[in-house]
Amino acid sequence: MLLIKNGRVMDPKSGLDQVCDVLVQDGKIIKITPEIKEEGAEIIDASGLVVAPGLVDIHVHFREPGQTHKEDIHTGALAAAAGGFTTVVMMANTSPTISDIETLKEVLDSAAKEKINVKTVATITKNFNGQDLTDFKALLEAGAVGFSDDGIPLESSKVVKEAMEEAKKLNTFISLHEEDPGLNGVLGFNENIAKEHFHICGATGVAEYAMMARDVMIAYATKAHVHIQHLSKEESVKVVEFAQGLGAQVTAEVAPQHFSKTEALLLTQGSNAKMNPPLRLESDRRAVIEGLKSGIITVIATDHAPHHADEKNVEDITKAPSGMTGLETSLSLGLTYLVEAGELSLMELLEKMTYNPSKLYNFEAGYLAENGPADITIFDAKADRLVDSHFASKAANSPFIGETLKGQVKYTICKGQIVYQN
Ligand SMILES: [Zn+2]
């Protein structure tokens, strides 16, 4: 038995925000109330700390199979636990891609060995070919939680429509990375800084919001649910708002880097600040924050994208792969750039990092309640933390190394077991 004493217990689902004790047994929370006495229980003193549901991240890249020099499911799970996450959803751009039952089973077998909940989507199209749908029904039955070709946008509107119709039939949804290659230049560099500083044609805003506009309207027409991944432009927030206003089933996520920083970070952090979609302008950063505040954007997801240092440290930055390791800085970025900055309350931040992403997938996660799962994150919301290059992830490609952020994860508990302690 585990007894968490005197923490500020915060549950976005019920609205509970009170200093309480939490008693855990056999993977479940059995009691939440002020002053629990339990002989023989292992005690965690959470005085001055926040006790929240284990964080849920619906967008991670764990690189297994195929690119395990960057990350594998085990180190990815360790990074998640260190960041306060107890449930994550892997993207399917592994090598081979998660397009068939055999690869899916291999991934899920590996995931089952971890102490946190590692789930995965499967691809929308076979091996990302952009043309032929995978067998959604068989993949769902074998344990995939949804579908995405994240990383390779779907160019064919016909395929998008077919995928939405199939997903709707099966009571699931597709998630889309929106960057139309036909409208884009070099990925990872926002068009402004690309032109002014790097003298190249960079990643344009229109590539994102035009493709997104097409897809939310297909969702409107098909009455299917589409989830927009890591949107980054002011206009994209407006597109989502417009579609939601029409009654379309459109949900959206933003990555912490996009509400924290702008394209200028490329000048100081180089390739570690290169990602798809790229860091944008201050007006875009403000717009995604407003989208979070108004509820147009309901989910914060990391897009944890580890890369090996040798791959990032190439002479020509345009040749470096896009993406940053994100699981171990996500909570701190939310605490720093949203809560400390006065944009969201701590409860609102937690809702977007626990209950909302969990609800999207109907996971039994993301809340604290008696008889609910004992997936719990205990953190100091006020502590200053200097981000250094020591991560549980195999990778250290973070543009936040050297920055002092708010917040320190103290314990991560999953299925009633302490899986991380600092
Ligand atoms: Zn993506």
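In what follows, the structure referred to is the one given above.
Residues numbered from 1 in each chain as written. Predicted model: local features only at pLDDT ≥ 70, side-chain atom pairs only at ≥ 80, totals over all residues. Heavy atoms only, no water.

A.B. asks: Honestly, a nonpolar patch on the surface in this entry has me stumped. Any pointers?
C.D. replies: Together, Tyr220, Phe242 and Leu246 make up an exposed nonpolar region whose accessible area comes to about 300 Å². Assignment of secondary structure puts Tyr220 in helix α6 (residues 205-222). Relative accessible area serves as the criterion here: at 38%, Tyr220 is assigned to the partly exposed category. (Patch = residues over 30% accessible without salt bridge, like charges linked within 9 Å, V, L, I, M, F, W, Y side chains within 5 Å. Areas by Shrake-Rupley, 256 points an atom, 1.4 Å probe, with all protein chains shown as cover. Salt bridge = Lys/Arg side-chain N within 4 Å of Asp/Glu carboxyl O. Helix = DSSP H or I, 4+ residues; strand = E, 2+ residues; numbered from the N terminus. Buried < 20%, exposed > 50% of the residue type's maximum accessible area, 1.4 Å probe, protein only.)

A.B. asks: Sorry, what's going on with the layout of surface pockets here?
C.D. replies: Taken as a whole, the largest pocket encloses approximately 390 Å³ of empty space. As for the largest pocket, its lining consists of 21 residues, of which Asn93, Gly151, Asn276, His307 and Ser322 are closest to the centre. One number sums up the size of the second largest pocket: a volume of about 300 Å³. Contributing to the lining of the second largest pocket are 16 residues, with Asn171, Thr172, Phe173, Leu360 and Asn362 lying nearest its centre. (1 Å grid on protein atoms, 1.4 Å probe; cavity = no way out; pocket = protein on both sides within 12 Å on 5 of 7 lines; lining within 4 Å. Points joined across faces, edges and corners; volume = space filled by probe spheres on them.)

A.B. asks: Would you explain a negative patch on the surface in this entry?
C.D. replies: A grouping of Asp100, Glu102, Glu106 and Asp109 is seen on the molecular surface, where their side chains present a negatively charged patch. Topologically, Glu102 is positioned in helix α2 (residues 101-112). The class of Glu102 is exposed, set by a relative accessible area of 66%. (Lys, Arg positive; Asp, Glu negative; His and termini not counted. Charge placed at Lys NZ, Arg CZ, Asp CG, Glu CD.)

A.B. asks: Can you walk me through the side chain of Asp375 in this structure?
C.D. replies: With respect to the helices and strands, Asp375 occurs in the loop between α14 (355-360) and β14 (376-386). One buried charged residue, Asp375, remains without a salt bridge, the closest side chain of opposite sign being Lys415 at 7.1 Å. From its side chain, Asp375 meets the backbone nitrogen of Lys415 in a polar contact 2.8 Å long. With sequence-adjacent residues up to four places away left out, Asp375 is seen in contact with Ala52, Pro53, Gly54, Thr86, Thr87, Asn117, Leu368, Ile413, Cys414 and Lys415. (Polar contact = N/O pair within 3.5 Å; in protein donor to acceptor, adjacent residues only side chain to side chain. Contact = heavy atoms within 4.5 Å.)

A.B. asks: Sorry if this is basic, but what is going on with the sheet that holds strand β9 (residues 147-148) here?
C.D. replies: Pairing between sheet strands relies on hydrogen bonds along the backbone, with the strands arranged either parallel or antiparallel. Reading across the sheet, the five strands line up as β9-β10-β11-β12-β13 and stay open at both edges, with parallel pairing between neighbours. Both outer strands of the open sheet, β9 and β13 (299-300), are each paired with one neighbouring strand and no more. As judged from the two bridges shared by strand β12 (residues 249-254) and β13, these two strands associate in the parallel manner. Its bridge partner lying in β13, Val254 is registered against Ile300. Relative to strand β11 (residues 225-228), α6 is tilted by about 155 degrees, and along the sheet it contacts β10 (174-176), β11 and β12. (Pairing = 2+ DSSP bridges. Axes fitted to C-alpha atoms, helices over the stretch in contact; angles between N-to-C directions.)

A.B. asks: Help me out: how do you make sense of the side chain of Ser99 in this one?
C.D. replies: Within the fold, Ser99 resides in the loop between β7 (85-90) and α2. Overall, Ser99 belongs to the buried group, its relative accessible area being 10%. A polar atom in the side chain of Ser99 sits 2.7 Å from the side chain of Thr97. For Ser99, the side chain forms a polar contact with the main-chain nitrogen of Asn127, separated by 3.0 Å. In this view, Ser99 contacts Thr123, Thr125, Lys126, Asn127, Thr134 and Leu139; residues no more than four positions away in its chain are not counted.

A.B. asks: How should I be thinking about the packing of aromatic side chains in this particular structure?
C.D. replies: Two aromatic rings are characterised by how far apart their centres lie and by the angle between their planes. Within the structure shown, the criterion is met by four aromatic pairs. Note on Phe136 and Phe147: the rings are 3.9 Å apart at their centroids and 10 degrees apart in plane angle, and the pair reads as stacked. Taken together, the residues span a long stretch of sequence, with Phe136 in helix α3 (residues 136-141) and Phe147 in strand β9 at a distance of 11 residues. Both residues of the pair, Phe136 and Phe147, count as buried. Taking the centre distance of 5.2 Å and the plane angle of 10 degrees together, the rings of Tyr361 and Phe363 count as stacked. We note that Tyr361, like Phe363, is buried. Following the ring pairs from residue to residue traces out a cluster consisting of Phe173, Tyr361 and Phe363. Sitting over the face of the ring of Tyr367, Lys13 holds its NZ or CZ atom 4.5 Å from the ring centroid. One residue, Lys119, lies across the ring of Phe363, its end atom 4.9 Å from the ring centre. (Phe/Tyr/Trp six-rings, centres within 6.5 Å; stacked < 30°, edge-to-face > 60°. Lys NZ or Arg CZ within 6 Å of the ring centre and 35° of its normal.)

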